[in-house]
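Listed below, chain by chain, are the residues.
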Amino acid sequence: MAIARVALPVAVDKIFDYWIPEGLAVTTGTLVRVDLAGRPLAGVVVDVGAASAAQSGSLVPLRELVSELAPLPPDVLALAGFVAEYYQAPLGQVLALALPPLGEAGAARVDRRAQPMALSARGRLELPARLPRAPRARELHARFAAAPGGVLDADALQALPDSLHAVRRAWARAGWIEPAASPADPASRSRVELNAGQLEAAAAIEAAASGFQPVLLQGVTGSGKTDVYLAAAAAAIARGRQVLLLVPEINLTPQLERRVLAALPGRRVVTLHSALAAGERRHRWQEAAEGRADLVLGTRLAVFTPLPRLGLVVVDEEHDPSFKQQDTVRYHARDVAIWRARDRRVPCVLGTATPALESLHRAQQGRYAWLRLTQRAVVPAALPPLRLVPDRSTKSGEGMGEPLQAAIDARLERGEQSLVFINRRGFAPALLCSACGWQPGCPACSARLVVHRDAGVLRCHHCGHAEATPRRCPECGNVDLLPLGHGTQRLEHALAAAFPKARIARIDRDSMRRKGSFAALHGDIHAGEIDILIGTQMLAKGHDFPRLTLVGILGADNALYSADFRATERLAALLLQVAGRAGRAQLPGEVIVQTSFPTHPLFVALADHDYDAIAATLLAERRVAELPPFAYLALLAAEAPDRAHVDDFLGRAHAAGTQVLAQTGAGVELFSPVAAALARRAGMERGQILVRCAQRAVLQRFLGRWRTELAGLARRRVRWSLDVDPIGFA
Ligand code: ADP
Ligand code: ZN
Ligand code: ZN
């Protein structure tokens, strides 16, 4: 009897055996549905073999094959195998990342985000035969025919009468229409001529096309890195290859999608991200897996997409922390992308203005090719001058100093746009009783509650707990409760008071939840219908607003005190990114950073846009402190309702680790258990053990054995996880 060994998306590190019913064609990589303890699950066959006599009695059969998806190819299985081993995660959970949601077939729904669409080649071929019998289809067809360039843009699509939306969706499902570059879109109006630096970079990538070659493309914001990737992508596609382009977040950068479409006319571009409807994601995944898609543009999970003709991998904004998944399988998509490129023997381009110190270090060591773009691409656009303004000049008490106010005023006079950046949402990060010093905290977390004045509540940003804002202090009855510090909402109030005529928009998670799509606001900003933008880091990424000439930065000092050793690196990247939003086109820009430490070396280097100087300082500190990239880290985190259970588990984990160390030899440092920086979250007490080693392979060997021991220690009430190359220490 033949058995299939199946990896299932469950937390235990185990492969499950099922017998294969007569007539089912099952091989390695086949997707199957099975029952596990009565629960229906879909999984991937990782091996096929013969059952032993002892086994065969206890085995149950596979239920069925998953027919809607192609089997996983061997290279994706190998990739998943690497990720499972390296990140100490069950193979079944890793393979689940490689698959689109399976769901019940036929539940396909089309992406709700509006993007320009045109009839596909297939649509032009197959539709005409159906039109005479269907008046609605005829009407929709007529609209496409009448649209400029045959493209219905986002607005036109949204304006369709309800009766036509169903037809449009059916057409998208059938592949009769497809995303297209709108001819009215500025992104597609002109293809840029690459400048000398860009040509050199694109040529270097193309020259590496025949083998594995990591390339760090370090270019200042606005230097035209995107056009370099797109040129390299076009070249790879022209050679008959597929391209994988990973980006931190797609929903926030509709411009990029359109630029890609415009740069690759006639090519099949598919975007993949977790916000897509399941059916649509399946459909696009299938196009990639069958080699029909030329370019896959996706967020971190797209790194696992099967691509039979893969020829180039690009990771845009490679320094971005969102490439690291923070739960279940804690993989870093950039690092996985590099492994995949090595395995497939193709180049991997890492693009950024502010390389992660890990990537920079490898480039400096000569392990990565290192290409640089030091000038902004649009000719008059220089990097904006950056002014450090002491926080002391803040008079109004609402966070904005006079220099910033005066600068905003000047923009309003000239009809230009300003962006004020503060990396805290809410009205104020805390509330304080002026009489007795009481501050409301979250009942479930070791954290203070954030004042959300618009909603009239105090909210915990760690667990979501919300309660009504008290009218008086519960300790002493005092009614004078003061909001402490500044968040986006408070800044919005202050700006509205200071500039009553200005059109102000706030962009943070709260406002986006309420007002719906960022894309709509994006259009308003482009159309010049917004004067002042207030935003959190959501706004730092990849936007290009030609009339934006002033960026103000508040609250940057916080990172200087952070417990996380990566906080300053992240701050520097964020600030240079945000500063890069100013003066991208014809108008000169200016950046004002309000800080209590205007002579801090970090800010001084920032004033010169000198990421190299900042990085050199940070790397020197990391070397001395034996931190990444000069050492490798792993973090065992545990949580339980009771502190005693956490301590007990971590104590035994530490003892077990010490024993493993005695066997696997020297070089690994196992630190003592400590409470997490956020010691309690959502009612769970949290603790951790840090592990450090100068050599990756030695650490890997230790972790593999330690994990086996940990699985044996597990207590019902304790949840634990191993995070390899952790990036957050909250
Ligand atoms: P980056 O990704 O490096 O921040 P972008 O690729 O977004 O920069 O380019 C910034 C702007 O410069 C875009 O508007 C782009 O169209 C423009 N651009 C890029 N390359 C050129 C070029 N060679 N000539 C003129 N404009 C260019
Ligand atoms: Zn009080
Ligand atoms: Zn909380």
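In what follows, the structure referred to is the one given above.
Quick look at the structure, then.

Criteria and cut-off values
Residues numbered from 1 in each chain as written. Chains lettered and ligands numbered in written order. Predicted model: local features only at pLDDT ≥ 70, side-chain atom pairs only at ≥ 80, totals over all residues. Heavy atoms only, no water. Helix = DSSP H or I, 4+ residues; strand = E, 2+ residues; numbered from the N terminus. Rg over C-alpha atoms; globule rule 2.2 N^0.38 Å. Buried < 20%, exposed > 50% of the residue type's maximum accessible area, 1.4 Å probe, protein only. Contact = heavy atoms within 4.5 Å. Areas by Shrake-Rupley, 256 points an atom, 1.4 Å probe, with all protein chains shown as cover. Lys, Arg positive; Asp, Glu negative; His and termini not counted. Charge placed at Lys NZ, Arg CZ, Asp CG, Glu CD. Donors = N, O, S within 2.8 Å, 3.2 Å for Na, K, Ca; no water. Tetrahedral: all angles 85-135°; square planar, octahedral: opposite > 155°, others 65-115°. Pairing = 2+ DSSP bridges. Near = heavy atom within 4 Å. Polar contact = N/O pair within 3.5 Å; in protein donor to acceptor, adjacent residues only side chain to side chain. Nonpolar A, V, L, I, M, F, W, Y, C, P; charged D, E, K, R; others polar. 1 Å grid on protein atoms, 1.4 Å probe; cavity = no way out; pocket = protein on both sides within 12 Å on 5 of 7 lines; lining within 4 Å. Points joined across faces, edges and corners; volume = space filled by probe spheres on them. Phe/Tyr/Trp six-rings, centres within 6.5 Å; stacked < 30°, edge-to-face > 60°. Core = buried A, V, L, I, M, F, W, Y, C linked by side-chain atoms within 4.5 Å.

1. Thoughts on the overall build of the chain
Move 1: The number of helices and strands found in the chain is 23 helices and 31 strands.
Move 2: Expected size for 730 residues packed as a compact globule is a radius of gyration near 27 Å; at 27 Å, the chain falls within 12% of this value.
Move 3: If you line up the chain on its principal axes, its C-alpha atoms span 85 × 75 × 55 Å.
Move 4: Expressed as a percentage of the 730 residues in the chain, the buried residues total 53%.
Move 5: Contacts spanning at least 24 positions in sequence make up 75% of the contacts within the chain whose residues lie at least 6 apart.
Move 6: For the chain, the computed accessible surface area is about 31,100 Å², with 52% contributed by carbon and sulfur atoms.
Move 7: Of the charged side chains in the chain, 86 are positive and 71 negative, and the gap between their average positions amounts to 3 Å.

2. Considerations on the coordination of the zinc ion (ligand 3)
Move 1: Taken together, the protein ligands of the zinc ion (ligand 3) are Cys 442 (SG), Cys 445 (SG), Cys 460 (SG) and Cys 463 (SG), with distances of 2.3 Å.
Move 2: Geometry at the zinc ion (ligand 3) is tetrahedral, judged from the four donor atoms that bind it and their angles of 105 to 112° at the metal.
Move 3: Summarised as a motif, the one-chain spacing of the donors to the zinc ion (ligand 3) is C-x2-C-x14-C-x2-C. One end of the pair, Cys 442, is in the loop between strand E18 (430-433) and strand E19 (450-452); the other, Cys 463, is in the loop between strand E20 (457-459) and strand E21 (466-468), with 21 residues separating them in the sequence.
Move 4: The buried category is assigned to Cys 442, whose relative accessible area is 7%.

3. A short note on the sheet that holds strand E4 (residues 39-50)
Neighbouring strands of a sheet are bound in pairs by backbone hydrogen bonds; such pairs are parallel or else antiparallel.
Move 1: Strand order in this open sheet of five strands is E2-E1-E4-E3-E5, and the pairing throughout is antiparallel. Each edge of the open sheet carries a strand with a single partner, namely strand E2 (16-19) and strand E5 (64-65).
Move 2: Relative to E4, strand E1 (residues 2-7) runs antiparallel, the two sharing six bridges. If you follow Ala 4 over to E4, its bridge partner there is Val 48.

4. Some details on the environment of Asn 478
Move 1: Tracing the sequence through the fold places Asn 478 in the loop between E21 and strand E22 (481-484).
Move 2: Asn 478 gets classed as buried once you look at its relative accessible area, which sits at 17%.
Move 3: Placed 404 residues apart in sequence, Asn 478 and Pro 74 show a C-alpha to C-alpha distance of 68 Å.
Move 4: The residues contacting Asn 478, other than those within four sequence positions of it, are Cys 433, Ser 434, Ala 435, Arg 472 and Cys 473.

5. Here's the deal with the site of ligand 1
Move 1: The local shell around ligand 1 holds 18 residues, among which Glu 193, Gln 198, Gly 222, Lys 225 and Asp 227 are the closest.
Move 2: Separating an oxygen atom of ligand 1 from a backbone N or O atom of Gly 222 is a distance of 2.7 Å.
Move 3: Summarising the interface, the protein chains cover 80% of the accessible area of ligand 1, which totals 560 Å² for the free molecule.
Move 4: Sort the elements by how many residues they give to the shell around ligand 1 and helix H10 (residues 225-238) lands first, with three residues.
Move 5: Among the residues making up the shell around ligand 1, the classes are represented as five nonpolar, seven polar and six charged.

6. Considering empty space enclosed by the protein
Move 1: Scanning the entire structure with this criterion turns up two cavities of 30 Å³ or more.
Move 2: Size it by volume and the largest cavity reaches roughly 60 Å³.
Move 3: Lining of the largest cavity is provided by Leu 97, Ala 98, Leu 99, Pro 100, Leu 272, Arg 281, Trp 285, Leu 301, Ala 302, Phe 304 and Thr 305.
Move 4: Elements with a contribution of two residues or more to the lining of the largest cavity: helix H3 (91-98) and helix H12 (278-289).
Move 5: Broken down by class, the residue content of the lining of the largest cavity amounts to nine nonpolar, one polar and one charged.
Move 6: Contributions of two or more residues to the lining of the second largest cavity are made by helix H9 (196-207), H10 and strand E13 (310-316).
Move 7: In the lining of the second largest cavity, the residues fall into six nonpolar, one polar and two charged.

7. Digging into the packing of aromatic side chains
Move 1: Scanning the model with the defined rule gives eight aromatic pairs in all.
Move 2: Seen from their ring centres, Phe 82 and Tyr 86 are 5.6 Å apart, and the 25° between their planes marks the pair as stacked. Highlighted residues: Phe 82 and Tyr 86, both in helix H2 (residues 74-86), separated by four residues, approximately one helical turn.
Move 3: By relative accessible area, Tyr 86 is classed as buried at 8%.
Move 4: Between the aromatic rings of Phe 304 and Tyr 331, the centroid separation amounts to 5.2 Å while the plane-to-plane angle is 70°, which identifies the pairing as edge-to-face. Residue Phe 304 is found in the loop between strand E12 (295-298) and E13, and its partner Tyr 331 is found in the loop between E13 and helix H13 (333-344); the two are separated by 27 residues along the sequence. The residues Phe 304 and Tyr 331 share a single accessibility class, namely buried.
Move 5: Ring pairing ties together the aromatic residues Phe 82, Tyr 86, Tyr 87 and Trp 339, which thus form one cluster.

8. Observations concerning the side chain of Ser 511
Move 1: Locating Ser 511 in the fold gives a position in helix H17 (residues 509-515).
Move 2: Reaching out from Ser 511, the side chain makes a polar contact with the backbone oxygen of Arg 506 at a distance of 2.7 Å.

9. Overview of the nonpolar core
A general trend in soluble globular proteins is that nonpolar side chains are found buried together.
Move 1: By size, the foremost hydrophobic cluster in this structure holds 124 residues, and its most contacted members are Phe 304, Tyr 331 and Trp 706.
Move 2: Sorting elements by how many residues they give to this core places helix H19 (residues 567-579) first, with eight residues.
Move 3: Non-local contacts of Phe 304, meaning those with residues more than four positions away in its chain, are made with Val 76, Leu 79, Val 83, Val 94, Leu 97, Ala 98, Tyr 331, Val 336 and Arg 340.
Move 4: Among the nonpolar cores identified, the runner-up in size contains 30 residues, and Ile 205, Leu 230, Ala 232 and Val 314 belong to it.

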